[in-house]
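# Summary of the model geometry
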Amino acid sequence: MYPEERQQAIAAQVLSRGRASVAELAQAYDVTTETVRRDLAVLDRAGVVRRVHGGAVPVRALHVVEPGVDEREITRADHKEAIARAATEFLPLAGASVLFDAGTTTARVAAMLPADRELVVVTNSVPIAARLAAMPSVNLQLLGGRVRGLTQAAVGEPVLRSLDALRVDIAFIGTNGISVRHGLSTPDSDEAAVKRAMVRCANYVVVLADSSKIGREEFVSFAPIDSVDALVTDCEISPTDRHELTERGVEVVLAGGES
């Protein structure tokens, strides 16, 4: 295979999977890791992919434009449903407190709350609050602030002040990107500030992210990888990514697979 052909194949793989590691590409194309790094450098200069630690992601993964709730709701919906079901294993027992970050996957977990389990639930998500408000077993605490229409999440100083005064047992956090180097990240600085405060106020942090977000590095980092206790994702996570996260102390739970 000529270098140009290999580079085109590498670019296609990165774009289709959302992430590819140097080690995986070297094995797939029977070349050295140094050759792969040179290929990625060529593709990076051409604006086709973006080099990140240990591999490459699509250029779009670093854009500051984020999709709205409607678009997120239908994107990888089957994966999100499976992740949410697996994440219910982390729901606390009755009498505890749980925080739900705004997001389509966290909303799925909230929808699976057992109807008879008495919990204090904190959220900045308008859709999640609307769904849980009628549940008699839920003591709902809605964080108030400016609501971003794009994500239907409350953000701003009032939300941050409320979170600074709280301590919750479990927090279910969504993210646009997750990597060992950049941690958890999102395109919007206001959303990032709220997510940062949520992580800080939780005794145990469970991140919900499908495998397309692993290796992505968005504009604003809101938490280091070391602050994550568990990641619930799908079975398409690469062995390299799973190993790197596990090495940093993150429990990786595969929806529909082994933890």
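Now for a look at the structure at hand.

## Topic: the pattern of salt bridges
According to the stated counting rule, one finds twelve salt bridges in the structure shown. In this structure, E81 and R85 form a salt bridge, with 3.5 Å as the shortest nitrogen-oxygen distance. One end of the pair is E81 and the other is R85, both in helix 5 (residues 77–87) and four residues apart, which spans about a single turn. Classification of R85 by relative accessible area gives exposed; the value is 52%. The partner of D226 in a salt bridge is R248, with the nearest N and O atoms 3.1 Å apart. Placement of D226 in the loop between strand 13 (220–223) and strand 14 (230–233) and of R248 in the loop between helix 10 (239–247) and strand 15 (251–254) is noted, with a sequence separation of 22 residues between them. Look at R248 and you get partly exposed, because its relative accessible area is 37%. Connected via shared salt-bridge partners are E81, R85 and R108.

## Thoughts on the sheet that holds strand 2 (residues 49–52)
What the three strands build is an open sheet, ordered 1-3-2; its pairing is antiparallel. The outermost strands of the open sheet, each flanked by one partner alone, are strand 1 (20–21) and strand 2. Sheet analysis places strand 2 next to strand 3 (residues 55–58), joined by four bridges and oriented antiparallel. Considered in strand 3, the bridge of V52 is made with G55. Along the sheet, helix 3 (residues 33–45) makes contact with strand 2 and strand 3, crossing strand 2 at roughly 130°.

Parameters and conventions
- Residues numbered from 1 in each chain as written.
- Predicted model: local features only at pLDDT ≥ 70, side-chain atom pairs only at ≥ 80, totals over all residues.
- Heavy atoms only, no water.
- Salt bridge = Lys/Arg side-chain N within 4 Å of Asp/Glu carboxyl O.
- Helix = DSSP H or I, 4+ residues; strand = E, 2+ residues; numbered from the N terminus.
- Buried < 20%, exposed > 50% of the residue type's maximum accessible area, 1.4 Å probe, protein only.
- Pairing = 2+ DSSP bridges.
- Contact = heavy atoms within 4.5 Å.
- Axes fitted to C-alpha atoms, helices over the stretch in contact; angles between N-to-C directions.

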